[in-house]
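Architecture and fold: a report
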Amino acid sequence: MHKANFIILSILLTTLSCKREKIEPFELSVVDYNYSLAYSVLYKLTNEKLTITFRGELENEKDSVLYETSDLPYNELMKLSQVNLDSLGVYYSNPCISDGDIKVYKFKKNGITKQIQMENYYHKDISPVIEMINKIVPEKFEMYYDKNDLIEALEQCGESYIKMSWDEN
């Protein structure tokens, strides 16, 4: 590569990297419970890092960090930071399946906190966080999740149950 081309390429790459939009701060937690073994695993994602913490539910058990990374995909984080919390309901369910696959998300942004419970449900704005986490973490820390099965099961059911607030009847 000629020196002039290298300089132009360097300037172009520097310009492109500087134009990256700043990701709005947020925190999104997903808790994966194992009631039979008395523990849970907390997946906490922010605009800066992902932390996975083991949380023992028995007396005198201490929490311990299992995995942590700040090597996160920019585009996926940007999409999550732009989710409008007011547009999200608090409960989503596929009433045709009751196998205990329940995910509870806690989303904090701009001083607002929203807790969302999903039972065998795929939500286009929130569910991809599990896909993203599973791509980043070692296999032993992946959460059980099958997007295609969730979508297909909901289509076969033909109905869903959604609550926009806990104040609804």
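In this text the structure is predicted, and so the values were computed from the model without any measurement. (Residues numbered from 1 in each chain as written. Predicted model: local features only at pLDDT ≥ 70, side-chain atom pairs only at ≥ 80, totals over all residues. Heavy atoms only, no water.)

**Remarks on the packing of aromatic side chains**
Enumeration over the complete set of coordinates arrives at 5 aromatic pairs. Arranged with centres 5.9 Å apart and planes meeting at 50°, the rings of Y91 and W166 form a pair that is tilted. Placement of the pair is Y91 in strand 5 (residues 91–93) and W166 in the segment after strand 8 (161–163), with a sequence separation of 75 residues. Each ring, one from Y92 and one from Y121, has its centre 5.1 Å from the other, and the planes form 35°; the classification is tilted. One end of the pair, Y92, is in strand 5; the other, Y121, is in the loop between strand 7 (112–119) and helix 3 (128–136), and 29 residues separate them in sequence. The pair Y92 / Y121 is uniform in exposure class, with both members buried. (Phe/Tyr/Trp six-rings, centres within 6.5 Å; stacked < 30°, edge-to-face > 60°. Helix = DSSP H or I, 4+ residues; strand = E, 2+ residues; numbered from the N terminus. Buried < 20%, exposed > 50% of the residue type's maximum accessible area, 1.4 Å probe, protein only.)

**A short note on the state of the cysteines**
On inspection of all chains with the given rule, the structure shows 1 disulfide. With a sulfur-sulfur separation of 2.0 Å, C96 is cross-linked through a disulfide to C157. Around the S-S axis, the bridge from C96 to C157 shows a dihedral of about 65° and counts as right-handed. Here C157 lies in helix 4 (residues 147–157) and C96 lies in the loop between strand 5 and strand 6 (102–109), a separation of 61 residues in the sequence. Note on C157: relative accessible area 15%, which makes it buried. (Disulfide = S-S within 2.5 Å.)

**Here's the deal with the pattern of salt bridges**
One pass over the structure, following the stated rule, counts 4 salt bridges. Of the charged contacts in the structure, one is a salt bridge between E27 and K108, with a shortest N-O distance of 3.8 Å. Placement of E27 in strand 1 (residues 27–34) and of K108 in strand 6 is noted, with a sequence separation of 81 residues between them. Residues D125 and K124 are paired through a salt bridge, measuring 3.4 Å at the closest nitrogen-oxygen approach. Overall, D125 belongs to the partly exposed group, its relative accessible area being 26%. Taken together, the shared-partner salt bridges in this structure form one network comprising E27, K44 and K108. (Salt bridge = Lys/Arg side-chain N within 4 Å of Asp/Glu carboxyl O.)

**Points about the pairing of strand 2 (residues 39–46)**
For strand 2, a buried count of 6 out of 8 residues is recorded, marking the element as mostly surrounded by other parts of the structure. In the sheet, strand 2 pairs with strand 3 (residues 50–56) via 7 bridges, with the strands oriented antiparallel. Opposite V41, over in strand 3, you have F54 as the bridge partner. Taking the residues between adjacent antiparallel strands as the criterion, strand 2 and strand 3 are bridged by 3 residues. (Pairing = 2+ DSSP bridges.)

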